[in-house]
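# Structural features, examined
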Amino acid sequence: MIEQPATDTTDTTDATDATDATDAADEPRVTPKRRDNRAWWLVLPVVVSVAFTAVIPLMTVVNYSVQDVFGPHERVFVGLEWFRSISRDPEVRGALLRTLLFSAQVLLLEIPLGVALAVVMPRRGVWVSVALVLVALPLLIPWNVVGTIWQIFARGDIGLGGWAVNNVLGADFNYTLDATDAWITVLVMDVWHWTPLVALLAYAGLRSIPEPYFQAAQIDAASPWATFRHVQLPRLRGVLTIAILLRFMDSFMIYTEPFVVTGGGPGNATSFLSILLSKIAVGQFDLGPAGAFSLLYFLIVQVFCYVFFTVLTRSGR
């Protein structure tokens, strides 16, 4: 039997290793990229401002809510006692029901009125600017000035609105003595003040609808109501979601206007949660109950906004 000579693979292996080493040397070295964190310096002012305007005051309120404060250096830890006391207070429950009722009435009135006003506003021409300025005028007036205007306007003796209701309509209107009249005054004042916000949002949404949509509806001989229902209203869903959230939060936290007009009266007819909180915190200077009240108030607003946002966004899918 003839033996074949053994093949020496040593030279081949050495040549291969030398080739790989040469190729590795020829390839450019990949150095780890250094992170540039200088952009965080641009965010730092926002973080600091939020900390001083939101986080630190919130922690201070949390600190007060679990203590009974007798003086600058005298306080006793009471745990959740103030939260239980506030949640069981019938005056707080009454104010919560009034605030919820007021917010519901505001949404039921201002959303349809704002959309209707946006629909009838002109789309082109010089009257567009005129209409926008006239509609936006109530939004430019400060809240305390709005309250002062309606405090005088709704007076039955010196106010034009109160005089017209009493003498033209033959009613006995007096918001300083009648609880129903006071409620109507505050509600109408809020509708007058904030319906333009809904109208401007809805108007912006309507202007964003492409013109071919309306041309197709015109070709199909759609009525104005059919055009609004099938073309305009579906395109306003996102805008109306924002409008509902903004108006709910504003109406649920309303304070300045009813406080200037009625002071929460007559009796407790227009005493909303914000007015009652101000009475406890500023009038009575009960920092512990006021801190617990503030946190519960904040929690209620967050829960309702989350529910509104979830329902409105899921219904649009």
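Everything below is about the structure printed above this text.
Reading guide: rules and limits
Residues numbered from 1 in each chain as written. Predicted model: local features only at pLDDT ≥ 70, side-chain atom pairs only at ≥ 80, totals over all residues. Heavy atoms only, no water. Helix = DSSP H or I, 4+ residues; strand = E, 2+ residues; numbered from the N terminus. Contact = heavy atoms within 4.5 Å. Areas by Shrake-Rupley, 256 points an atom, 1.4 Å probe, with all protein chains shown as cover. Salt bridge = Lys/Arg side-chain N within 4 Å of Asp/Glu carboxyl O. Phe/Tyr/Trp six-rings, centres within 6.5 Å; stacked < 30°, edge-to-face > 60°. Lys NZ or Arg CZ within 6 Å of the ring centre and 35° of its normal. Expected span 1.5 Å × (residues − 1). Bend = angle between axes of the 7 residues up to and from the residue.

A count of helical and extended segments in the protein gives 14 helices and 2 strands. Here the contacts in the protein between residues at least 6 apart in sequence split such that 68% fall between residues at least 24 apart. For the protein, the exposed area adds up to about 20500 Å²; of that, 66% sits on carbon and sulfur atoms.

This paragraph deals with the pattern of salt bridges. Between side chains of opposite charge, a pair can form when the charged atoms approach closely. Evaluated as defined, the whole model comprises 6 salt bridges. In the salt-bridge network here, residues are joined through shared partners; they are E110, D190, R247 and D250.

The next subject is the packing of aromatic side chains. Counted according to the given criterion, the structure contains 14 aromatic pairs. Three or more aromatic residues link up through ring pairs in this structure, and these residues are F248, F252, F293, Y297, F304 and F308. One Lys or Arg, R235, reaches over the ring of Y213 and ends 5.1 Å from the middle of that ring.

Turning to helix α2 (residues 40–65), a few remarks are in order. Given a rise of 1.5 Å per residue, 26 residues ought to cover 38 Å, and the 35 Å separating the end C-alpha atoms of α2 matches this to within 8%. Where α2 bends most, at A51, the angle is about 45°.

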